[in-house]
Amino acid sequence: MHHLVIGEGQIGRAIIEGALTDGDTVTVLRRTAVPPEPGVRRVTGDLLDAGVLEEAASGAEAIHACFHAPYDARVWARELPPRELAVLDTAASAGIPVVFPESMYGFQGGASDLAEGSPLSPRDAKGEIRGQLLAQRRIHDARTLSLVAADLSGPTTVGTGAAVVTAMLIERIAAGSRPIVVGDPAAPHALTFVPDLAAAMLHAARHADRLAPDGDAVLHAPSAPARSQAELITAASALLGARGRRPLVIPRLAVRALAPLNSFARELHGIAGLWYAPCVLRPGILTTQAELQPTSWEDALEATVRATARAIARETGQVTGHAAVV
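Structure report, in brief. Model, not experiment: these values are computed from the prediction. (Residues numbered from 1 in each chain as written. Predicted model: local features only at pLDDT ≥ 70, side-chain atom pairs only at ≥ 80, totals over all residues. Heavy atoms only, no water.)

### Section: the packing of aromatic side chains
And step 1. Evaluation of the coordinates by the stated rule reveals three aromatic pairs.
And step 2. Taken together, a centroid distance of 6.0 Å and an interplanar angle of 80° make the contact between Tyr71 and Trp76 edge-to-face.
And step 3. Ring centres 6.0 Å apart and planes at 15° place the aromatic pair Trp76 and Tyr105 in the stacked group. Of this pair, Trp76 sits in helix H3 (residues 73-94) while Tyr105 sits in the loop between strand S5 (98-102) and helix H4 (125-139), and the two are 29 residues apart along the sequence. In terms of burial, Trp76 and Tyr105 fall into one category: buried.
And step 4. Sitting over the ring of Tyr105, Lys126 keeps its end group 5.9 Å from the ring centre.
And step 5. In this structure, Arg130 is placed above the aromatic ring of Trp76, and the distance from its NZ or CZ to the ring centre is 5.7 Å. (Phe/Tyr/Trp six-rings, centres within 6.5 Å; stacked < 30°, edge-to-face > 60°. Helix = DSSP H or I, 4+ residues; strand = E, 2+ residues; numbered from the N terminus. Buried < 20%, exposed > 50% of the residue type's maximum accessible area, 1.4 Å probe, protein only. Lys NZ or Arg CZ within 6 Å of the ring centre and 35° of its normal.)

Now the structure itself:
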């Protein structure tokens, strides 16, 4: 199968690797040029340039829309709807499906125990925008599949600053710093292992007609049962051979107080319900029927810790206690 992957961040990169491993063909559309890679055709440019998008989609049998925008609801509202619409129009013209990674932001009200098929329940501007994007996909002529994922973990999240648990917990422990917990350390918090999300998106692309017979489907990505950040800190510290250190816990009141003064705090305050309360993503049909089982919580954590330790070793040129997991 020929996949067009738009965006080469933590999710796009994992889809590329998974597709190549499966023997599929990959075209990547990205804004900036990178060195050539065997087996990958790359097109450089902005997807809002109709000629660039048409060139990238030539020969593709499915599109994986993995592009995003800076973490600001105002930027999302301005940039994401027209970009998704351009992709949807191209997919409809070509008669091919589009697969989207989706967050829990639009379902925040039900996130304490989110079942597949639950109605939208946004609690902030970001959630409202996610709902608008889902609605745009639903009414469009293109066949669309949106895979809802929890917060991400995995090797491709390392060094991106985009995965909260990796950046605030694992990378800080590996660097010898205190982990920072934004939320309730004891609350169960679901994580989706990026390779599992990528495998599910590839499966969705291959079986789009069956999974979205009415033209649109919102499905849950396979995700291990939720565990707490406190458990993750203990386990990651043990894997790294690091001394367990008490985390710095950011109170919800502090996030609320800073929201009017700091844009990141404002955006974080909007999704506080996902962090200061249980956040559970229940299995959907990809797990119960398609038998796409999630990687265990322990194995996903170990893979992320290994990648973190290797990244630190490359940066420092030193072998430390972290070598225990490398």
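### Remarks on the nonpolar core
And step 1. Among the nonpolar cores identified, the biggest contains 65 residues, and Ile6, Leu29 and Leu232 are the most heavily contacted of them.
And step 2. Considering each element in turn, this core owes the most residues, eight residues, to H3.
And step 3. The residues touching Ile6, leaving out its near neighbours within four places in the chain, are Leu29, Leu47, Leu53, Ile63, His64, Ala65, Cys66, Phe67 and Val87.
And step 4. Of all hydrophobic cores here, the second largest spans 31 residues; its members include Val26, Val28, Leu147 and Ala221. (Core = buried A, V, L, I, M, F, W, Y, C linked by side-chain atoms within 4.5 Å. Contact = heavy atoms within 4.5 Å.)

### Looking at the environment of Ser118
And step 1. Checked against the element boundaries, Ser118 lands in the loop between S5 and H4.
And step 2. Relative accessible area serves as the criterion here: at 25%, Ser118 is assigned to the partly exposed category.
And step 3. Linking Ser118 and Val218, residues 100 residues apart in sequence, is a C-alpha distance of 9.6 Å.
And step 4. A polar side-chain atom of Ser118 sits 2.6 Å from the main-chain carbonyl oxygen of Ala115. (Polar contact = N/O pair within 3.5 Å; in protein donor to acceptor, adjacent residues only side chain to side chain.)

### A few points about the packing of helix H5 (residues 164-174) against helix H12 (residues 297-316)
And step 1. The geometry of H5 relative to H12 is characterised by a closest axis approach of 9 Å and an angle of 55° between their N-to-C directions. The orientation of H5 relative to H12 falls into the category oblique. The two elements H5 and H12 cross, and the hand of that crossing is right-handed. Across the interface between the two elements, Thr166, Ile170, Glu171 and Ala174 from H5 touch Leu301, Thr304, Val305, Thr308 and Ile312 from H12. (Axes fitted to C-alpha atoms, helices over the stretch in contact; angles between N-to-C directions. Parallel < 35°, antiparallel > 145°, perpendicular 65-115°, else oblique. Left-handed = near helix turned anticlockwise from the far one by under 90°.)

### Let's talk about the side chain of Lys126
And step 1. With respect to the helices and strands, the residue Lys126 is situated in helix H4.
And step 2. Classification of Lys126 by relative accessible area gives buried; the value is 0%.
And step 3. Here Lys126 is in contact with Tyr71, Ala73, Trp76, Tyr105, Glu267, Gly270 and Ile271, once residues within four sequence places are set aside.

### Quick notes on the sheet that holds strand S1 (residues 2-6)
And step 1. With parallel pairing, the seven strands of this open sheet are ordered in space as S3-S2-S1-S4-S5-S6-S11. Of all the strands in the sheet, the pair left with one neighbour each is strand S3 (40-44) and strand S11 (216-220). The sheet shows a mean angle of 20° between the axes of neighbouring strands, taken without regard to direction.
And step 2. Examined bridge by bridge, S1 and strand S2 (residues 25-30) share five bridges and lie parallel to one another. Pairing of His2 across the sheet is with Thr25, part of S2.
And step 3. Where helix H2 (residues 50-57) meets the sheet, its contacts fall on S1, S2 and S3, and the angle it forms with S3 comes to roughly 175°.
And step 4. Packed on one face of the sheet, H3 meets S1, strand S4 (62-65), S5 and strand S6 (144-148) and runs near 150° to S5. (Pairing = 2+ DSSP bridges.)

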